[in-house]
Amino acid sequence: MARKSKILSINGEFFCRNLTGIERVAIDTLAALDKLLPPGRVELVLPANAQNVPQYKNIKCARLPVAAAFFPKWTQIHYQKYVLKNRRVSLDFSNTCPYFAPGIEFLHDIYARLYSSDFKSRRDKLIRLYSNIMYRRIAKKAKKIIAVSEYTKKTIVEKYKIDPARVQVIYDGLGSYKNIEPDFSIFDRLPQLEGKDFYFTLGSLSTRKNLKWIAENARLYPNAFFAVSGKPLPSVVPPELEAMNSLPNVLMTGYLSDAEVKALLSKCKAFVFPTYFEGFGLPPLEALSCGAPIVISDRTSLPEIYGKAAHYIDPDNPNVDIAALLKEPVERPDAVLEKFTVENSARKLAEIIMSVLDF
């Protein structure tokens, strides 16, 4: 009797969440992956409330009659039940896995394990607890662990004492972002920026994004002007936001669309990213693709990714004259932009999938 072929089931919960870095990478990688795999071996398992799901050629979609709402009910009950009942191999892009059926699992970082003190509220502590359970389960039981940088791989191996051969590195990459047209009407909504030299930063306004560096640098250098985009999260330290809002040379833009962000990136003097922790760090790559110089932290994965194409800062030292720093020569970003593409990411992921499914 012939052995039944294994089928990979991808957790499609990311189609129910706000589009941040992980969700964008997942959606773009999936689109590229669809062109590389034969039909009938990979499926996307979707909650009932999944939105804007593309039409795939080779990847089948299975939509379950339950919504992904209460975190982490979808993954640990509905998706897991489907995987176990149908004897599927799971794949999760988002630092999580079905606890009793871990398969091919992405670990973008182990932030909650490394910086537990950043999780202060009751909600944050629950997120930290669940994240740590997921990190350990993936590290110990996943068929394949995918890290998004050598830095992330190193931290996983060291903290969970596992064989480095179990962790494969697949870098994040640019995909559909490069096709977005800039929306320059943002300068009508933010006339303070029209015709002005400004530095731009974006990302969730979480603790690790290091808003205090921006606030202190703006205080020390009153002639520098900053535009800061992002949606506040519960883990933001309130005094940092108060400091930002009180400074005359800082403009808090609130949430911006991708098209508005691209417009600001194409006009800013530099993109500034003083974060003290990144598993990969996608925003500077997006900035480089828009022609913006990047001023980024010299910590964690960032030097590995951006090499000599960036201007580096110490995230603990805000006393930096950014204008002077930008005069120092750096390499052109061409090699970085050619290396970190979603097509390259999808090719490596396809190889791993085929090895697990015994093609």
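So, here's what we can say about the structure. No experiment lies behind these values; they were computed from the predicted model shown.

## Things to note about the pairing of strand β11 (residues 270-273)
The two faces of a sheet get side chains in turn, since along a regular strand they alternate between them. Side chains A270 and V272 of β11 all project onto a buried face; the interleaved residues F271 and F273 project onto the opposite face, where all are buried too. For strand β8 (residues 199-201) and β11, the ladder comprises two bridges, and the chain directions are parallel. Bridging from a neighbouring strand, Y199 pairs with A270 of β11. Note that β11 and strand β12 (residues 294-297) share three bridges and pair parallel. Along β12, the bridge assignment pairs F271 with I294.

## Remarks on the sheet that holds strand β4 (residues 89-92)
Reading across the sheet, the seven strands line up as β3-β2-β1-β4-β5-β6-β7 and stay open at both edges, with parallel pairing between neighbours. Looking at strand neighbours, the two that pair on one side only are β3 (60-63) and β7 (167-169), the edges of this open sheet. Direction aside, the axes of adjacent strands within the sheet are offset by 30 degrees on average. Pairing analysis gives four bridges linking strand β2 (residues 42-46) to β3, with the strands arranged parallel. When the bridges of β3 are listed, E43 appears paired with K60.

## Some thoughts on helix α4 (residues 122-141)
Taking 1.5 Å per residue as the helical rise, α4 with its 20 residues ought to reach 28 Å, and the 29 Å between its terminal C-alpha atoms agrees with that figure. Among all positions of α4, only D124, Y130, S131, M134, Y135, R137, I138 and A139 are buried. In this structure, the buried side of α4 is in contact with α2 (73-85), β5 (104-107), α3 (111-114), β6 (144-147) and α5 (150-160).

## Quick look at a nonpolar patch on the surface
Taken together, the side chains of L126, L129 and I133 define a hydrophobic patch exposed on the protein surface, amounting to about 270 Å² of accessible area. Residue position: L126 is located in helix α4.

## Some words on the state of the cysteines
In this structure the tally under the stated criterion is zero disulfides. For the unlinked cysteine C16, the closest cysteine sulfur is that of C61, found at 12 Å. Judged by relative accessible area, which is 25%, C16 ranks as partly exposed. C268 takes part in no disulfide bond, and the closest cysteine sulfur to it belongs to C290, at a distance of 8.6 Å.

## As for the sheet that holds β12
Strand order in the open sheet made by the six strands is β10-β9-β8-β11-β12-β13, with parallel pairing throughout. The sheet is open, and its two edges are formed by β10 (250-254) and β13 (311-313), each paired on a single side. Averaged over all adjacent pairs, the angle separating strand axes in this sheet is 25 degrees, with direction ignored. This element, helix α7 (residues 211-220), spans β8, β9 (226-229), β10, β11 and β13 of the sheet and lies at about 160 degrees to β9.

Thresholds applied
Residues numbered from 1 in each chain as written. Predicted model: local features only at pLDDT ≥ 70, side-chain atom pairs only at ≥ 80, totals over all residues. Heavy atoms only, no water. Buried < 20%, exposed > 50% of the residue type's maximum accessible area, 1.4 Å probe, protein only. Helix = DSSP H or I, 4+ residues; strand = E, 2+ residues; numbered from the N terminus. Pairing = 2+ DSSP bridges. Axes fitted to C-alpha atoms, helices over the stretch in contact; angles between N-to-C directions. Expected span 1.5 Å × (residues − 1). Contact = heavy atoms within 4.5 Å. Patch = residues over 30% accessible without salt bridge, like charges linked within 9 Å, V, L, I, M, F, W, Y side chains within 5 Å. Areas by Shrake-Rupley, 256 points an atom, 1.4 Å probe, with all protein chains shown as cover. Salt bridge = Lys/Arg side-chain N within 4 Å of Asp/Glu carboxyl O. Disulfide = S-S within 2.5 Å.

Spatial relationships are all this shows, so hold off on functional conclusions.
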